[in-house]
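Spelled out from the first residue to the last, the chains are:
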Amino acid sequence: MQTENESGVRVALGTRHLCTVEFEVGGGIIGIGASPFGDRRLGYISGGRFFGPRINGIVLPGGGNWSRSGRLGNRASVGTFDARAVWQTDDGDLIYLSYTGRNIIPDDVRATFADPAVPDADPSRYYLRIAPVFETASAKYDWLNGVLAVGVGERTDFGVRHVLHEVL
């Protein structure tokens, strides 16, 4: 996509597939409750994996997502993410990532999330987007230190899956 900035300079914006990451959430979600700042929840990352054209490996246990939610009118919940994780590449390098994001989940979809007997809802029925950044000391993967990514997520029976795209 080509656009012009306020000075009339042409600026390109695009994306390319970075990887898919599957976060396993262990121990369930801890509901802290509704405080004056919103309904706070905590989910621990117990593992997972990531795979893509330039990077593959596992998600180490110990990260988590400190989310907050509220209401979007009378039809859906809206939430934020504050997540951190450590990845280990197939060749042993470590990558720290953190991300923020947003979700919008209609009430009828939220009800299916709470019932383990109901199959996962169609991801087109809800909105789950993240914006991860990376940090690594690895010479091989140092290119990640300059990457901003965006991800489209879906809830799974093991946690969450995000398809990440590098913003070019």
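Residues numbered from 1 in each chain as written. Predicted model: local features only at pLDDT ≥ 70, side-chain atom pairs only at ≥ 80, totals over all residues. Heavy atoms only, no water.

(A) Molecular detail of the packing of aromatic side chains. Enumeration according to the criterion identifies four aromatic pairs in this entry. Ring centres of Phe23 and Tyr99 lie 6.2 Å apart, and the angle between their planes is 35°; on these two criteria the pair is classed as tilted. Pair noted here: Phe23 is in strand E3 (residues 15-35) and Tyr99 is in strand E8 (residues 94-106), with a separation of 76 residues, a long-range link. The same class applies to Phe23 as to Tyr99, namely buried. (Phe/Tyr/Trp six-rings, centres within 6.5 Å; stacked < 30°, edge-to-face > 60°. Helix = DSSP H or I, 4+ residues; strand = E, 2+ residues; numbered from the N terminus. Buried < 20%, exposed > 50% of the residue type's maximum accessible area, 1.4 Å probe, protein only.)

(B) Representation of the environment of Pro119 within the structure. As for its placement among the helices and strands, Pro119 is situated in the loop between helix H1 (107-113) and strand E9 (127-135). Counting along the chain gives 38 residues from Pro119 to Asp157, while the straight-line C-alpha distance between them is 8.4 Å.

(C) Layout of the pattern of salt bridges. All told, the structure shown has nine salt bridges when counted by the stated rule. Where Arg49 meets Glu22, a salt bridge forms, and the shortest distance between an N and an O atom there is 2.9 Å. Residue Arg49 is located in strand E4 (residues 38-51), and its partner Glu22 is located in strand E3; the two are separated by 27 residues in the primary sequence. What makes Glu22 buried here is its relative accessible area of 9%. A salt bridge links Arg54 to Glu166, with the nearest nitrogen and oxygen atoms 2.6 Å apart. In this pair, Arg54 sits in the loop between E4 and strand E5 (56-59) while Glu166 sits in strand E11 (residues 159-167), placing the two residues 112 residues apart along the sequence. For Arg54, a relative accessible area of 33% translates into the label partly exposed. When salt bridges with common partners are traced through the structure, they connect Glu22, Arg49, Glu154 and Arg161 into a single cluster. (Salt bridge = Lys/Arg side-chain N within 4 Å of Asp/Glu carboxyl O.)

(D) Spatial organisation of the layout of surface pockets. In this structure, the largest pocket encloses a volume near 880 Å³. What lines the largest pocket is a set of 36 residues, and nearest its centre among them are Ile29, Arg41, Asn65, Arg110 and Arg155. For the lining of the largest pocket, the secondary structure elements donating two or more residues are E3, E4, strand E6 (64-72), strand E7 (76-89), E8, H1 and E11. Looking at the lining of the largest pocket element by element, the count peaks at seven residues for E6. Residues of the lining of the largest pocket, tallied by class, amount to 14 nonpolar, 14 polar and eight charged. (1 Å grid on protein atoms, 1.4 Å probe; cavity = no way out; pocket = protein on both sides within 12 Å on 5 of 7 lines; lining within 4 Å. Points joined across faces, edges and corners; volume = space filled by probe spheres on them. Nonpolar A, V, L, I, M, F, W, Y, C, P; charged D, E, K, R; others polar.)

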